[in-house]
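Observations on the three-dimensional arrangement
Residues per chain are reported as follows:
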Amino acid sequence: MKKTTFKFKDFFRLLDQVHPKYWQLVVGTLLGSLGTLSGLIVPKMTGNLINTFRHISPGLVIGMIVLIVAGLIAGMFSGLVLGYFGQDVISKMRRLLWQKLLNLPVTYYDNSKTGEISSRLVNDTSQINNLLANTLPSAVTAVLQFIGSLVIMLTMDWQMTLIIVVAVPLITLLMLPIMAQSRKIGKILQDKLASLNSNSTTVLGEIRLVKASNGEETELTSGNADIKKLYDVGVKQAFINSLTSPIINMAMIILVVSILGYGVYRVMTGSMRMGDLVSFLMYLFQIMTPVIVVSQFFNELSRTSGATERISEILQEKEENKGTDLIVDISGKTLKVQDLTFSYEEGSPVLHGINFEAKPNTVVAFAGPSGGGKSTLFSMIERFYEPDSGQILIGNHDVSLIDLDNWRRQIGLVGQNSAVMPGTIRENLLYGLDSEVGEEQIWEALKMAYADGFIKEMEHGLETQIGERGVKLSGGQRQRIAIARAFLRNPKILMLDEATASLDSESEAMVQKALGKLMKNRTTLVIAHRLSTIVDANQIYFIDHGTVSDYGTHEELIHSTPLYAEYVRNQFKGIK
Ligand SMILES: Nc1ncnc2c1ncn2[C@@H]1O[C@H](COP(=O)(O)OP(=O)(O)OP(=O)(O)O)[C@@H](O)[C@H]1O
Ligand SMILES: [Mg+2]
């Protein structure tokens, strides 16, 4: 297992990014120390009280009560201030992370598990809060308590203190291997929990696939294996925990009994007063707890160092290239792709040397075999990925220099899988729009997308909840909502990636008509397997294995490109 050593430098570098209100930490710890201080004086006063049992001074009693109450109040305010401090840090850190996550490029998400990323946002930040607001201050007060008790005991009776000073490290030594083991198991337990969490989320998210493929048996076995591992680790942890307290208790009893024995002997021989013995025993407990608290502090440190590392890792990731401040109105400009080469993974380009041109207000179609790179090309235009080489130009501007927000606002993509957000139909239609959209406009868009019919039939109309990933809609309904959303966005370049693939032929014909309307006065790029969509295009680019093998109108390509002719023949066969 990788040993995680805590690096204060990394931790504080991370903290500095959220500008913690350190004064709150200081005030909280000081207040906590005041509480501890009162706790230190109380045993001494108890001793005095016992020593003067026959003629108790009311002043002493009142003083003690005041001290105890003051200590409690100081402790309460300390908790309050530290709570504020920790919550402030954690919420700022979460905001920072959330903003970062939303600005990371698509590539980052291609290569990570969403479950793990959200765990950083939720769990790792809590871990940091825990160290800062709980463990760190209590470790500070624990050290204070330890030193304070020790000093007071020394001034009271150095011989008895000596016994304790020898015994405490002995007990600690005894506990060290157990604590190391417990730390190790704690880490394993955390890992196993995270794994169960992430695996179950994945499986439950694809429950239809699981059921349709009779995967329950497999998932049951693999889930049970995870649960069994957790059980094993949990039992081990219980075993170790069960050892810890008896050992501590036994050591304490031995210590208390020997001190008591020695103390009683001293009291009987008259070299010690009864009250002093009692306060001594009270200090004994005061000196033991800090040892435990400090050892827990080290546990906590090693846990936090993992969290720090994971959060810092995300914060150091490269963000999406936002371009420059350049704002360009792209209407009436030609979209041109020059020598574009791109690879998802280094060394195996998916697109190479792509060239194409889309004159304003024309329809450019892309056709070609599956896996050829058509959707990838659209992703490049969306600037989800950056080209390895080559350029995308709009008019004379390199697209990568245009302000990203400005660019994406002017283009629209209806994707292959008609992505939707959980929520209502209305929320989905208006998603990301910053202008006010009237009820009439919405229905007009829905009508054009041939989606008004089924929405009107729904009991809750536009307020219908569509479920996670839109499971409560049919594929065709989802697609029509995606198209309606594109209508509302009113983009200057419209990209349709098989936008009508899951519609029946009647609604497809209607949507095609609507798209025909939508295509007016804007540049449209379409990817289509269906011939009807591409025959009318001004220009067809045939994309195969990441290159443009040929382009022209349908008529031209049929004659010039045998591959295209064959492709078309096959498509016709498919329709028949
Ligand atoms: N996010 C990704 N990471 C790595 N490789 C990818 C990714 N997306 C696609 N690919 C690969 O890139 C190639 C092109 O995929 P792309 O989706 O662009 O094809 P396509 O032409 O749209 O195919 P289809 O007609 O089936 O939709 C494929 O070989 C695919 O495996
Ligand atoms: Mg595709």
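Cut-offs applied
Residues numbered from 1 in each chain as written. Chains lettered and ligands numbered in written order. Predicted model: local features only at pLDDT ≥ 70, side-chain atom pairs only at ≥ 80, totals over all residues. Helix = DSSP H or I, 4+ residues; strand = E, 2+ residues; numbered from the N terminus. Rg over C-alpha atoms; globule rule 2.2 N^0.38 Å. Buried ≥ 20, exposed ≤ 12 C-beta atoms within 10 Å, placed from the backbone. Contact = placed C-beta atoms within 7 Å. Domains from an automatic or database assignment. Pairing = 2+ DSSP bridges. UniProt positions renumbered as here; feature names shortened; annotations may be inferred. pLDDT = per-residue confidence, 0-100. Core = buried A, V, L, I, M, F, W, Y, C linked by C-beta atoms within 7 Å. Axes fitted to C-alpha atoms, helices over the stretch in contact; angles between N-to-C directions. Parallel < 35°, antiparallel > 145°, perpendicular 65-115°, else oblique. Left-handed = near helix turned anticlockwise from the far one by under 90°. Nonpolar A, V, L, I, M, F, W, Y, C, P; charged D, E, K, R; others polar. Near = placed C-beta within 6 Å. Expected span 1.5 Å × (residues − 1).

Overview of the overall build of the protein
The secondary structure content of the protein amounts to 19 helices and 10 strands. The C-alpha radius of gyration of the protein comes to 35 Å, more than 25% above the 25 Å expected for a compact globule of 576 residues. Buried residues in the protein amount to 29% of all 576 residues. Sequence-distant contacts, at least 24 apart, represent 78% of the contacts inside the protein between residues at least 6 apart.

Some details on the domain arrangement of the protein
By a widely used convention, the size of an interface equals the accessible area lost when the partners come together. You can read the domains of the protein as domain 1 (8-316) and domain 2 (335-575). The distance between the C-alpha centroids of domain 1 and domain 2 comes to 56 Å.

Let's talk about the sheet that holds strand E4 (residues 389-394)
Spatially, 4 strands are ordered E2-E1-E4-E5 in an open sheet, and the strand pairing comes out antiparallel. Two strands in the sheet have a free side with no partner beyond their single neighbour: strand E2 (351-358) and strand E5 (397-398). With 5 bridges joining them, strand E1 (residues 335-342) and E2 adopt antiparallel strand pairing. Paired with Leu335 across the bridge in E2 is Ala358.

Considering the UniProt feature "transmembrane region" (unreviewed entry) in the protein
UniProt's entry tags residues 21-41, 61-85, 131-154, 160-180, 246-265 and 277-298 with the feature "transmembrane region" (unreviewed entry), counted in the numbering of this structure. Within residues 131-154, the helical portion is 100% and the strand portion 0%, while the C-alpha atoms at the span's ends are 32 Å from each other. Helix makes up 100% of residues 246-265 and strand 0%, and the two end C-alpha atoms of the span are 28 Å apart.

Quick look at the confidence of the model for the protein
Per-residue confidence for the protein averages 86 on the pLDDT scale, and 98% of its residues sit at or above 70. For the protein, per-element mean pLDDT is lowest for helix H19 (residues 562-575), which scores 73, and highest for E1, which scores 93.

Side note on the nonpolar core
Residues Ala365, Ala449 and Ala484 are the most contacted members of the largest nonpolar core, which totals 69 residues. Filtering out sequence-adjacent residues up to four positions away, Ala365 remains in contact with Val526, Ala528, Thr533, Ile534, Ala537 and Ile540. Counting 15 residues, the second largest nonpolar core, distinct from the first, contains Leu25, Leu31, Leu97 and Ala133.

Structural notes on the packing of helix H8 (residues 216-269) against helix H9 (residues 274-316)
Two elements in contact, H8 and H9, have axes separated by 10 Å at closest approach and are oriented at 160°. Between H8 and H9, the angle is such that the two are roughly antiparallel. The crossing of H8 and H9 is right-handed. Residues Met252, Leu255, Val256, Ile259, Gly263 and Val267 of H8 touch H9, and the partners they reach there are Met274, Leu277, Phe280, Leu281, Leu284 and Met288. Split into classes, the residues belonging to the contact of H8 with H9 amount to 11 nonpolar, 1 polar and no charged.

What about helix H10 (residues 374-381)?
Burial analysis of H10 places 7 of its 8 residues in the buried class, which makes it a mostly covered element. Within the span of H10, buried status applies to Lys374, Thr376, Leu377, Phe378, Ser379, Met380 and Ile381. Positive phi appears at Arg383, one or two residues downstream of H10, with a value of about 65°.

Observations concerning the site of ligand 1
Near ligand 1 the following residues occur: Asp110, Tyr344, Val350, Ser370, Gly371, Gly372, Gly373, Lys374, Ser375, Thr376 and Gln416. The element best represented in the shell around ligand 1 is H10, accounting for 3 residues. Taken together, the residues of the shell around ligand 1 sort by class into 2 nonpolar, 7 polar and 2 charged.

Overview of the pairing of strand E3 (residues 363-367)
Sheet faces and side chains relate simply in a regular strand, where the side chains alternate between the two faces. Within E3, 5 of the 5 residues are buried, leaving the element largely enclosed by the surrounding structure. Neither face of E3 is open: one carries Val363, Ala365 and Ala367, the other Val364 and Phe366, and all of them are buried. Sheet topology places E3 next to strand E8 (residues 523-527); 4 bridges connect them, and they run parallel. Directly across from Val364, in E8, lies its bridge partner Leu525. Sheet topology note: the E3/strand E9 (residues 539-544) ladder contains 4 bridges and is parallel. Following the sheet pairing, Phe366 is matched in E9 by Tyr541.

Here we look at the packing of helix H2 (residues 22-51) against helix H3 (residues 58-103)
For the pair H2 and H3, interaxial distance at closest approach is 8 Å and the crossing angle is 160°. As judged from the angle between their axes, H2 and H3 are roughly antiparallel. As for the relative orientation of H2 and H3, their crossing is left-handed in sense. Here the residues of the contact of H2 with H3 sort into 19 nonpolar, 11 polar and no charged.

Here we look at the environment of Lys100
Assignment of secondary structure puts Lys100 in helix H3. Once residues within four sequence positions are removed from consideration, Lys100 is found in contact with Ile314 and Leu315.

Overview of H8
In a regular helix each residue adds 1.5 Å, so 54 residues correspond to 80 Å; H8 covers 78 Å between its end C-alpha atoms and thus fits that length. Just beyond H8, the residue with positive phi is Gly270, at close to 85°.

Let's talk about the sheet that holds E9
The 6 strands lie next to each other as E6-E7-E8-E3-E9-E10, forming an open sheet whose pairing is mixed. A strand with exactly one partner marks an edge of an open sheet, and here the two such strands are strand E6 (411-414) and strand E10 (547-552). Each adjacent strand pair in this sheet contributes to an overall mean axis angle of 15°, direction not counted.

Regarding unusual backbone geometry
With the exception of glycine, most residues fall at negative phi, and the peptide bonds are largely trans. Phi angles above zero are rare outside glycine, and Asn361 is one such case at about 60°. Its location among the elements puts Asn361 in the loop between E2 and E3. Despite not being glycine, His545 has its phi angle at roughly 50°, a positive value. Considering the arrangement of structural elements, one finds His545 in the loop between E9 and E10. Exposure remark for His545: the 13 C-beta atoms within 10 Å place this residue in the partly exposed category.

Regarding the environment of Leu14
Here Leu14 shows up in helix H1 (residues 8-16). Using a count of 18 C-beta atoms within 10 Å as the deciding quantity, one classes Leu14 as partly exposed. With 298 residues separating them in the primary sequence, Leu14 and Ser312 have C-alpha atoms 6.5 Å apart. In contact with Leu14, other than residues within four places in its own chain, are Thr308, Ile311 and Ser312.

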